Amino acid sequence: MKFVYSLLICALLFSADVLAQKNVLKGRISDENGNPVQGASVLLEGTVRGVQSDLNGNYELKDFPSGSYQLIVSLVGFQNWSKEFSIGDGEIKELNIQLAEEEYLLSEFSISASRGILGQDRLPEVSDFRINAGKKNEVIRIAEIDANLAMNNSRQVFGRTPGISIWENDGSGIQLGVASRGLSPNRSWEFNVRMNGYDITPDPMGYPEAYFTPPLEVVEQIEIIRGASSLQYGPQFGGLMNFVLRKPDKSTRFTAESINTVGSNGLFSSFNYIGGTEGKWNYTAYYQKRRGDGWRENGFFNTDHAHLEVNYAASNRLKLGYEMTYMTTETQQPGGLTDAQFAENSQQSTRSRNWFNTPWFIPALSAEYLVSKNTKLSWKVFGTFAERNSVGFMRPINQEDDLGNRQVDRDFYTTYGSELRMSSTYELFGQEQTLMTGLRYFNGNIDRNQRGVGTTGSDMDFSVADGDFSRKLDYNNRNLAAFAENVFRFNDQFLLTAGLRVENIRSENQGQFNVANGVPQSLEPISRTRNFVLLGLGAEYHLGKNTEFYANFSQAYRPVLISDLTPPATTDVIDPNLQDSRGYNIDFGYRGSLFQTLKFDLGYFRLNYQDRIGTIAQLDEAGNNYQFRTNLGNSISQGFEGYIEFDPITTFFGSSRVGYLHLFTSLAFIDATYGDFEVTTVSNGELVVRNLEGNRVENAPRKINRFGATYSLGKFSMTWQLSDVGDAFSDASNSVEPNATSTVGLIPAYQVQDLSATWKVWKQHSIKAGVNNLTDERYFTRRAGGYPGPGIMPADGRTFYFTLGLKF
């Protein structure tokens, strides 16, 4: 109902504004041959007002104060156009515009747009209240790639992004599990995951697992800034992963789109979208229904996503916005397999009563204000009100389900936060410099209820038989942070960046730990307060217009999580001096384009992950064994990441009537090993000490290579992709042979191929189809120690999909 009420209120406000009298500036944008130019940006300089030209080149700006303005029109491939004009109250002014082609840029844009080279790009030096200069980053432009978007197929989406490791056990596409540089892909928790710049995880400080992933059909681009993002965004060694949703269409009052997909195993997905601009208002909304039976037995899923965004230009300097996103899921969890079961039939399941559910509601308010020509402010206020619910038979996978009472676990998340950012430009050394500053406040609460005795049924029922849970914990995180980063441009070739971030974190955990013999056992309240500073430096040296060297050093950290402050048993001990994991990222690389048909980014990285948290065995004075959680040691990940795209047809022949072939590859060699990392166990009443130094970090393949080719002819394109991923260990001891429950052991190397095609018809409509796992390989990327396993979590075999997209 919250979603419906908000929609009605926005509709009333929008209707009132439509009836008001407006100033209007309108016209047609064309090229030198008189052809309409679509998608040109039309801006009033020094204001927040702007629109885009439509399919026929028409534009219309409404309801802005009378006065004199500078109109600026821009589009990649054309020279920027500007003109002064004045407008009176209630005046309707017509201004037709002719854009001149930019010969060099037009050539590059034509090659890019027609042959898919825009699928992978990088961020500009400064954008959206952040500094990207000197940082390794990638932009994945979703509309420019052939991929199974209905199922959020991450193997295809991240195909051009080097070094991304993927857990492929969630064929429903509900949860994304990716990582880079030897880090764990567990629900992408080594990334700072955001949507439109604000948090969407349960608690980025204490429980950063990404249970929510927006439908990729509404995502315009995915922005990845590696570990150097820590100065501006805070926790996680992996860096920032930001999902940028499609913004309201600024070229029309109303547009609608429906994308419907059917596929193997009963897949049905319907994505429906509306958006537009009218005067000071613009809006967008979508709803997606996705359901299917899954590739494995007991793999049913049913999801609903909804989103609304409304923006209002309150004045020429102030823009206000409101967003809200809702998701609910009904997911059956087929559980893990033993190695023998996987070899026999990887589609089988021995768990038919396990279910998972994640209702998710994310509201956000935003404001942008132009203080002056050189200074602007951005303010975001956001929250997450969500749940994580599971029910099932949770014993080791080699134990048969006894059909008795199931275990119920329920988390309730209530978080809210605010970020204020300021972007300022000034002149120094005869160059424009940029200063970015920001303040952040975050408060997160997790109400954790576990080990409830559930029903003996087989449906998704989270009721608890005796009405209570044996474990009830209350976890709270409060975070205050401030940052400043500056770009120092010394000339057109060389720039430096320097910045710092100050963090204050307070974490508290208390509540009932267990019930033993009918007697509740309370957890001794735990409280941790930390203050520290992160520093970072970066540089860029431009060899010319198209290539550059970049380098960066940034300190990073990973906060103490709720699991780190929850002892496995009442006898276990949490180190009173337990600290956040600290370390740094280093990048050095060379990137750019050559001959307008070759794009590349080649670089070396080093990630130093210090003070990793773990548990070791200890003996008390009486000789009793207990577990002690503390900061144990460090690991180092280093290696090479390379990305290359090449258009051989244009390079050697200039043009072709029979189509174009576009080749791409992303390569990564990752050496992730433990440094000094001493662990202890107890054997025959004696402590046994060993050191993990030299062992490979778990879940870290040494090679992650992907190769692909895109053939395009007119409005048709088809992409073939090969993923070649090396083996990995599932535990820090580097066990090769699996144990009885298959939670540890080697994760073998694998190769998997995909084929996807897109045909754009009737200007705005499209047909897509594809085959995932073309050769029907049997492989797995994860051995789970607990939920949703335990055991081997198989990846999906061969599946098909067909998509019809209609736009009006």
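All values reported here derive from a predicted model rather than from experimental measurement. (Residues numbered from 1 in each chain as written. Predicted model: local features only at pLDDT ≥ 70, side-chain atom pairs only at ≥ 80, totals over all residues. Heavy atoms only, no water.)

## Quick word on the pattern of salt bridges
Quick note on the threshold: A carboxyl oxygen of Asp or Glu within 4 Å of a side-chain nitrogen of Lys or Arg is what we treat as a salt bridge. Working definition: helices are DSSP H or I runs of at least four residues, strands are E runs of at least two. Numbering for both runs from the N terminus.
For the coordinates displayed, the defined rule picks out 44 salt bridges. The salt bridge involving Lys 247 is made with Glu 309; its shortest N-O contact spans 3.4 Å. One end of the pair, Lys 247, is in the loop between β18 (240-245) and β19 (255-263); the other, Glu 309, is in strand β22 (residues 301-313), and 62 residues separate them in sequence. Here the residues in one salt-bridge network are Lys 136, Glu 138, Arg 181, Arg 226, Asp 587, Asp 601 and Glu 641, joined through shared partners.

## Some points on the side chain of Thr 680
Note the threshold: Under this definition, polar contacts are N or O atom pairs within 3.5 Å; protein pairs additionally need one hydrogen-donor-capable and one acceptor-capable atom, and for neighbouring residues in sequence, both atoms have to be side-chain atoms. Residue contacts are counted whenever heavy atoms from the two residues lie within 4.5 Å of one another.
Among the structural elements, Thr 680 can be located in strand β37 (residues 660-683). At 2.5 Å, the side chain of Thr 680 forms a polar contact with the backbone oxygen of Ala 617. In this structure Thr 680 touches Ile 616, Ala 617, Gln 618, Leu 687, Val 688 and Val 689, once residues within four positions along its chain are discounted.

## Comments concerning the packing of aromatic side chains
Let me state the cut-off plainly: Centres within 6.5 Å make a pair out of two Phe, Tyr or Trp rings, where for Trp the six-membered ring is used; the pair is then stacked when the planes are under 30 degrees apart, edge-to-face when over 60, and tilted otherwise. We count a charge as sitting over a ring when the NZ of a lysine or the CZ of an arginine lies within 6 Å of the ring centre and within 35 degrees of the ring normal.
Applying the stated criterion across every chain yields a total of 25 aromatic pairs. Seen from their ring centres, Phe 300 and Trp 355 are 6.5 Å apart, and the 65° between their planes marks the pair as edge-to-face. In this pair, Phe 300 sits in the loop between β21 (281-292) and β22 while Trp 355 sits in strand β24 (residues 355-357), placing the two residues 55 residues apart along the sequence. Seen in terms of ring centroids, Phe 342 and Phe 780 are 5.1 Å apart; in terms of plane orientation they differ by 80°. Their pairing is edge-to-face. With Phe 342 in helix α5 (residues 339-344) and Phe 780 in strand β45 (residues 780-784), this pair connects stretches of sequence that are 438 residues apart. Directly above the ring of Tyr 787 sits Arg 388, whose terminal nitrogen or CZ lies 5.6 Å from the centroid. Above the ring of Tyr 233, the side-chain terminus of Arg 421 is found at 4.6 Å from the ring centroid.

## Looking at the confidence of the model for the chain
Stated precisely, the cut-off is as follows: The score called pLDDT rates the predictor's confidence residue by residue, from a low of 0 to a high of 100.
For the chain, the mean per-residue pLDDT works out to 90, and 95% of the residues sit at or above 70. Residue range residues 11-20 is modelled with pLDDT below 50. Its contacts to residues more than four positions away, or to other chains, number 11 contacts. Across residues 104-116, where pLDDT falls below 50, the model places 29 contacts with residues more than four positions away in sequence or in other chains.

## Let's talk about the environment of Leu 535
For the record, the criterion: Using a 1.4 Å probe on the protein chains alone, a residue whose accessible area is under 20% of its type maximum counts as buried, one over 50% counts as exposed, and one in between counts as partly exposed.
Note on placement: Leu 535 falls in strand β31 (residues 519-542). Look at Leu 535 and you get partly exposed, because its relative accessible area is 43%. Sequence separation between Leu 535 and Gly 275 is 260 residues; the distance between their C-alpha atoms is 42 Å.

## Here we look at the sheet that holds strand β6 (residues 81-87)
Selection criterion: At least two DSSP bridges between two strands are required for those strands to pair. Orientation is described by lines fitted to C-alpha atoms, with helices fitted over the stretch in contact, and by angles between N-to-C directions that extend from 0 to 180 degrees.
If you trace the 4 strands from one edge of the open sheet to the other, you get β3-β2-β5-β6, paired in antiparallel fashion. The sheet is open, and its two edges are formed by β3 (50-52) and β6, each paired on a single side. Strand-to-strand twist across the sheet, computed as the mean angle between neighbouring axes with direction ignored, equals 20°. Examined bridge by bridge, strand β5 (residues 67-74) and β6 share 7 bridges and lie antiparallel to one another. Residue pairing across strands places Val 73 opposite Trp 81, the latter belonging to β6.

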